[in-house]
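Secondary and tertiary structure notes
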Amino acid sequence: MTVARGLPPVSGLTEQQQRGRSCLWCGAVLTVGADTDLGEQRARPATGAAYSWFPRACADTAACAERERRHAS
Ligand SMILES: [Zn+2]
């Protein structure tokens, strides 16, 4: 799968988002079948060891973008 836009820095995400339990973009809790798996990502922190994280996002991108907008305002 191709990621349409660059992923945000993992350091700015909640643990739930890093583990793929809530949406990478809007933070909504995800349910199986209503989410998009963005695949394994590798984080390379400035200090410490690199590690894998598993972002997921809402399958309904329009609703997701709307929630993200509301969070930002
Ligand atoms: Zn979302």
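What this report covers is the structure whose coordinates are included nearby. (Residues numbered from 1 in each chain as written. Predicted model: local features only at pLDDT ≥ 70, side-chain atom pairs only at ≥ 80, totals over all residues. Heavy atoms only, no water.)

A look at the overall build of the protein
Within the protein one finds 2 helices and 4 strands. Along the longest, intermediate and shortest principal axes, the C-alpha atoms of the protein span 35 × 30 × 20 Å. Every one of the 73 residues in the protein was classed for burial, and the buried ones make up 26%. Long-range contacts, defined here as pairs at least 24 residues apart, represent 45% of the contacts in the protein between residues at least 6 apart. Accessible surface computed for the protein: about 4,900 Å², of which carbon and sulfur atoms make up 52%. For the protein, the separation between the mean place of its 9 positive charges and that of its 7 negative charges on side chains is 3 Å. (Helix = DSSP H or I, 4+ residues; strand = E, 2+ residues; numbered from the N terminus. Buried < 20%, exposed > 50% of the residue type's maximum accessible area, 1.4 Å probe, protein only. Contact = heavy atoms within 4.5 Å. Areas by Shrake-Rupley, 256 points an atom, 1.4 Å probe, with all protein chains shown as cover. Lys, Arg positive; Asp, Glu negative; His and termini not counted. Charge placed at Lys NZ, Arg CZ, Asp CG, Glu CD.)

Focus: the coordination of the zinc ion
Taken together, the protein ligands of the zinc ion are Cys23 (SG), Cys26 (SG), Cys58 (SG) and Cys64 (SG), with distances of 2.2 to 2.3 Å. Summarised as a motif, the one-chain spacing of the donors to the zinc ion is C-x2-C-x31-C-x5-C. Here the residue Cys23 occupies a position in the loop between α1 (15-18) and β1 (35-37), and Cys58 occupies one in strand β4 (residues 56-58), the gap between them amounting to 35 residues. (Donors = N, O, S within 2.8 Å, 3.2 Å for Na, K, Ca; no water.)

What to know about the pattern of salt bridges
Here the structure, examined in full by the defined rule, presents 5 salt bridges. The shortest N-O distance in the salt bridge between Glu15 and Arg19 comes to 2.7 Å. A salt bridge links Glu66 to Arg69, with the nearest nitrogen and oxygen atoms 2.6 Å apart. Placement of the pair is Glu66 and Arg69 together in helix α2 (residues 61-72), with a separation of 3 residues, close to one helical turn. Judged by relative accessible area, Arg69 falls into the exposed class, the value being 52%. In this structure, a network of salt bridges that share partners links the residues Asp35, Asp37 and Arg56. (Salt bridge = Lys/Arg side-chain N within 4 Å of Asp/Glu carboxyl O.)

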